Amino acid sequence: MQFSNGNEQKKDQAADQNASSPQKKFNPVSPQGNVQSFSYSPLTQVGMFRPPNVQLLQNSPAQRLPSTPSSINQQVPLRSPLPSLPTYNGLPTRQQGLPIQGMLQPTLTPPVPIYNGLPSRSPGIPTQRLTQPLSSSVATPLVNPPSIKQAQPSFAGRPFPIPPRFPNNNLVQNAPSAPPSRQPGALSNQPSLSQRQFPVPQQPPSISKPPVMNGVIDMQPGVNGFQGPMQANMMRPIQPSGQQHPQNYASMQQTYQNSLNAQFNQMSVTQSGFNRIWGTEAIDLLTTRDVLPPEGVTLPAINLQKEHLNQLNCSSDIMRCTLRKIPETQSILEKARLPLGILIHPFKDLQQLPVVTTTNITRCKYCRTYINPFVYFIDQRRWKCNICFKANEFPEDFLYDPGTKQYLSDPSRRPEAQNSTIEYIAPCDYMTRAPPPATYVFVLETSRASICSGYLKVFSKILLEEFDRIPGDARAQFAFLTFSSSIDFVVLDEGATKPKLIPLSDIDEIFIPKAEGLLAKRSNCEDLIRKFLEVLPDLMNVEGMYENTGSCLGSALQAASKLAWPTGGRISVFLNSLPTIGPGALKERPRTSSGLLLPATDFYKNMALDNTGQQIATDLFFIGHEFQDIATVGCVAKFSSGSIYKFPNFCADKNELELRRFESTLRRYLTRKIGFEAVMRIRCTSGLSIHTFHGNMFVRSTDLIQLANVNPDAGFGLQFSITDSMAERNNVCFQAAVLYTSSKGERRIRVHTLSLPLTPQVSDVISSADQQCIVGLLAKIAVDRSMATSISDAREAFLNAAVDPLSAYKALQNVRSGQLLAPPTLSLLPVYILALLKTVAFCDQAPGLDERVFDWSEMKTLPLPELIQHIYPDLYAVHTLDEEIDPPRLQLSSEKVDTTGIYLMDAGSYIFILVGRTSPPQYCRAVFGVDDPRQVETMYELPTFDTTESDNLRKFIDLLQNEKSYPAAVQVFRDEAPEKTSFFNRLVEDKTKIGVSYFEFLQQLKTKVK
């Protein structure tokens, strides 16, 4: 690590020593080798990969306990307002899937007054629960049936008042006959149960089973004293008040309990409405066709103990956790069968980023955590760390505003305490040398195939247009190398009138020529660089490079590394063919072999590790259709925090779609923000530990990764395990700090802090799941599994990832076997996993080897929003587009697409527009300028017309493009054109040759969910 203060260096040394001790083992599963991950707990303790010694017990005592959120287990006063309910014979009927939270036992003396046909109860008077076993006998008529206690939620940590319990189990003798008033905290203005005008129930028809709501009787066994399933016998009519009780009290009590329970089994006076409010209403996936929310997926809310901190939490675009409520113990996590991890986008472009300049950055002196909004302010001089919970003192200048220098009476008014994402301009303590200039080295293949593709013309054009926008100050340096069967250094000497080429034919022993101008400064040689770019495509032909067919990529990389060795920087490689000569030469491998997905040599990995030590990152652009062995060559980017791009079938003259995508990607690549010499440290609350990293990086210790370059398009993933119980705490915190050098030579620290509440309930864990984040983390885990074992093993693990949480949820319910229930927070998990199984990365029919490995790279490095669009694109019907209303998202199924409409599919880096053959002619005339939709030709840019329909469509596309880091390539085609394959292959819910349909997949899950 190039830059760190003394304490940081000591911690790194201690971490390195601990990592080398024999007690800790490197992760043998991860393809990152001995530098990429550490496995302090099994790689897959939950979710996809079931531990052999952990079984899902369906009827264990722990699972027979109430499984709804913790707020459900609390009691509600009897007079809480209730929603309108269907009735049967004058009594409210139970809603689907919801237990009665409190069943009360009748008392024999004295009689309880009746109000409107139902027993009345005074506020604060307790009743007795049923605790005796149930039977199926029919109840005899009784007087004064018991009241019902209702489940009650808690909002913002403030539960409704609970009636006090008296030591006596009997009711108070003189209960008032009038209904009590409404209690505070009511949810609605509807009358309470005792205030409704329910008629006295009459004798029901003689039937063997009770009528049910939605065909389901699902009372939970073991809840509130019930020891077995509810019996389905109807209760006889309630006798009017004043009649005498039967003489056989014991028999009467037993039979009455059974029949009353059976009837109440069909009643749910509050929970159906409450479940909608809480977002815990169960969804039957087999009967719910449209599970995709039209307005998009909504994340579960984070509710911290202090409500104002919810607004200060880290943005979900930067850091997201798979669970919005963290289980207190590892056993709770294992019962939920969900993975615990975070996906982080640490260098994301932000429109508003607070920047603080100070000579003394406030950090915990014990764990080195940066101060953040979630620390505890003891007084004006002390604060308690939210990671290690130890007290610290503020520095002298902390009570002064860093911008205005005015005195602050409250330390919580500092910017560090008001923003969970903040950036510091680091003082000299965080440097060991002067920040070097931004250095860019371009390595260009000039073989025959690459010149025929035409990429050199496009590269020169884009670089000329964007040269002034490349990050860096006047000290920025540029170097150019070309290679085929030999290497050519481009000399851009200050004062020269044209560039020169210095050939190097000895590719086995690389050395740097002693010539000025190999690294040209922007301020001195900008004109000469522009002249070189103008003649670059023709220069290769003049020098006779057109006939070269070999590729000495390994030698070219060695030469580029030597140029950037003193300062560090970025190497950009554009290659079109397989390296066949010199160091790192490779041989052709079968393109459809599932067993050849690992690197053929360690040459490129070792080079990446050497370059990382010198703060050099390598980015790769794979151009063309030839096999290039990305599994081997890609290691030079993977282990140096670089990026990989692929443009299949690229030809500047023939494939305009890939041409536009290459232009857009290259513009973004050249102009995006970049950080040099970066390290990122992840801190978390004690009780949690990191055991696996995912992404392109070099892991230095258990919580520290080194990034030679960090860019705003790179995402990372981390898996956590719970090592100690956290039952005594209220929340946990994750903090990511990125220390980097800006392109202008400033040393900066960007800090992100995320705080999440803790819960002891398995049901809370499941109801707080972030299904998109879970899918993103599972995709990264599956890449490691595929490389370690096989594709088929990863596919089976995906199936387990869908089955396990649904089984855990079913264990908390009591449903009939014909249902496949899921909470709203996991309703999209099956369709996302089906989409993953149909991607190039994990489909069972082997595609090209390079295509599969490149898709693995996308799974590991894409930020979460782009990854979800890559897995499950967004589909819209745009022929009904309205200027004020965005079109709803549609399921990826052919039943949502017909020939009478026009549909737009946003697949991340591509936007496809499908024109149906019978689309409205007036719309086609307004948007495409033709009367007949069959006259629409394939186009890559929408024409401009002065019509409302054209303006609406163009604005909607611009809105989609603005949400991306760089514009996607647009393609318009008819539903009869050959390009339609790109559209219909992404309808993942249909049955295709590479996978089953969505309904068939649900049937598979149903047979496996236990």
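The present account deals with the structure reproduced in this document.

## Quick look at the overall build of the protein chain
Thinking step 1. Within the protein chain one finds 22 helices and 40 strands.
Thinking step 2. Residues counted as buried form 59% of the 1010 residues belonging to the protein chain.
Thinking step 3. Here the protein chain has roughly 40,000 Å² of accessible surface; of this, 49% comes from carbon and sulfur atoms.

## Some remarks on the sheet that holds strand β29 (residues 688-694)
Thinking step 1. What the four strands build is an open sheet, ordered β12-β14-β32-β29; its pairing is antiparallel. Of all the strands in the sheet, just β12 (319-321) and β29 have a single pairing partner and so form its edges. Adjacent strand axes in the sheet meet at a mean angle of 25 degrees when their direction is disregarded.
Thinking step 2. Contacting β12, β14 (341-344), β29 and β32 (716-722), helix α14 (residues 771-788) runs over the sheet at an angle of about 95 degrees to β14.

## Some words on the packing of aromatic side chains
Thinking step 1. Tallied over the entire structure, the rule returns 28 aromatic pairs.
Thinking step 2. Summarising the aromatic geometry, the rings of Phe442 and Phe480 are spaced 5.4 Å apart at their centres and angled 15 degrees between planes, so their arrangement reads as stacked. Of this pair, Phe442 sits in strand β20 (residues 439-445) while Phe480 sits in strand β21 (residues 477-483), placing them 38 residues apart in sequence.
Thinking step 3. For Phe442, a relative accessible area of 1% corresponds to the buried category.
Thinking step 4. The buried category is assigned to Phe480, whose relative accessible area is 1%.
Thinking step 5. Taken together, Phe442, Tyr455, Phe459, Phe480, Phe532, Phe574, Phe621, Tyr645, Phe647, Phe650, Phe662 and Tyr669 form an aromatic cluster joined through their ring pairs.
Thinking step 6. Over the ring of Tyr370 we find Arg363; its NZ or CZ atom is 4.2 Å from the centre of that ring.
Thinking step 7. Over the ring of Phe398 we find Arg414; its NZ or CZ atom is 4.7 Å from the centre of that ring.

## What about the sheet that holds strand β17 (residues 382-384)?
Thinking step 1. Taken in spatial order, the three strands make up an open sheet running β16-β17-β18, and their pairing is antiparallel. The open sheet is flanked by β16 (376-377) and β18 (391-393), the only strands paired with a single partner.
Thinking step 2. In this sheet, β17 lies alongside β16 in antiparallel orientation, the contact comprising two bridges. Across the sheet, residue Phe377 finds its bridge partner in β17, namely Trp383.

## Focus: the pairing of strand β39 (residues 910-915)
Thinking step 1. With respect to burial, β39 is a largely interior element, six of its six residues being buried.
Thinking step 2. By the alternation rule, side chains of β39 split into Tyr910, Phe912 and Leu914 and Ile911, Ile913 and Val915, which are all buried.
Thinking step 3. Bridge count for strand β38 (residues 902-906) against β39 is five bridges, and the pairing is antiparallel. By the bridge assignment, Ile902 is partnered in β39 with Val915.

## Brief notes about the side chain of Ser950
Thinking step 1. One can find Ser950 in helix α20 (residues 948-962).
Thinking step 2. On the basis of relative accessibility, which here comes to 1%, the residue Ser950 falls in the buried class.
Thinking step 3. Discounting residues that sit within four places of it in the chain, Ser950 has contacts with Ala926, Val927, Pro943, Thr944 and Phe945.

## With respect to the pattern of salt bridges
Thinking step 1. Here the structure, examined in full by the defined rule, presents 33 salt bridges.
Thinking step 2. Here Glu465 makes a salt bridge to Arg667, at a shortest N to O gap of 2.6 Å. Taken together, the residues Glu465 in helix α6 (residues 455-466) and Arg667 in helix α12 (residues 656-671) connect sequence positions 202 residues apart.
Thinking step 3. Residues joined by salt bridges that share partners form a network here, namely Asp349, Arg668, Arg672 and Asp713.

## Notes on the environment of Phe442
Thinking step 1. When the C-alpha atoms of Phe442 and Phe478 are compared, they prove to be 7.8 Å apart, with 36 residues separating the residues in sequence.
Thinking step 2. For Phe442, the residues in contact, after removing those within four places along its chain, are Phe459, Leu463, Phe478, Ala479, Phe480, Leu481, Ser572, Phe574 and Leu670.

About the criteria used
- Residues numbered from 1 in each chain as written.
- Predicted model: local features only at pLDDT ≥ 70, side-chain atom pairs only at ≥ 80, totals over all residues.
- Heavy atoms only, no water.
- Helix = DSSP H or I, 4+ residues; strand = E, 2+ residues; numbered from the N terminus.
- Buried < 20%, exposed > 50% of the residue type's maximum accessible area, 1.4 Å probe, protein only.
- Areas by Shrake-Rupley, 256 points an atom, 1.4 Å probe, with all protein chains shown as cover.
- Pairing = 2+ DSSP bridges.
- Axes fitted to C-alpha atoms, helices over the stretch in contact; angles between N-to-C directions.
- Contact = heavy atoms within 4.5 Å.
- Phe/Tyr/Trp six-rings, centres within 6.5 Å; stacked < 30°, edge-to-face > 60°.
- Lys NZ or Arg CZ within 6 Å of the ring centre and 35° of its normal.
- Salt bridge = Lys/Arg side-chain N within 4 Å of Asp/Glu carboxyl O.

By themselves, these are just geometric observations and shouldn't be taken as functional.
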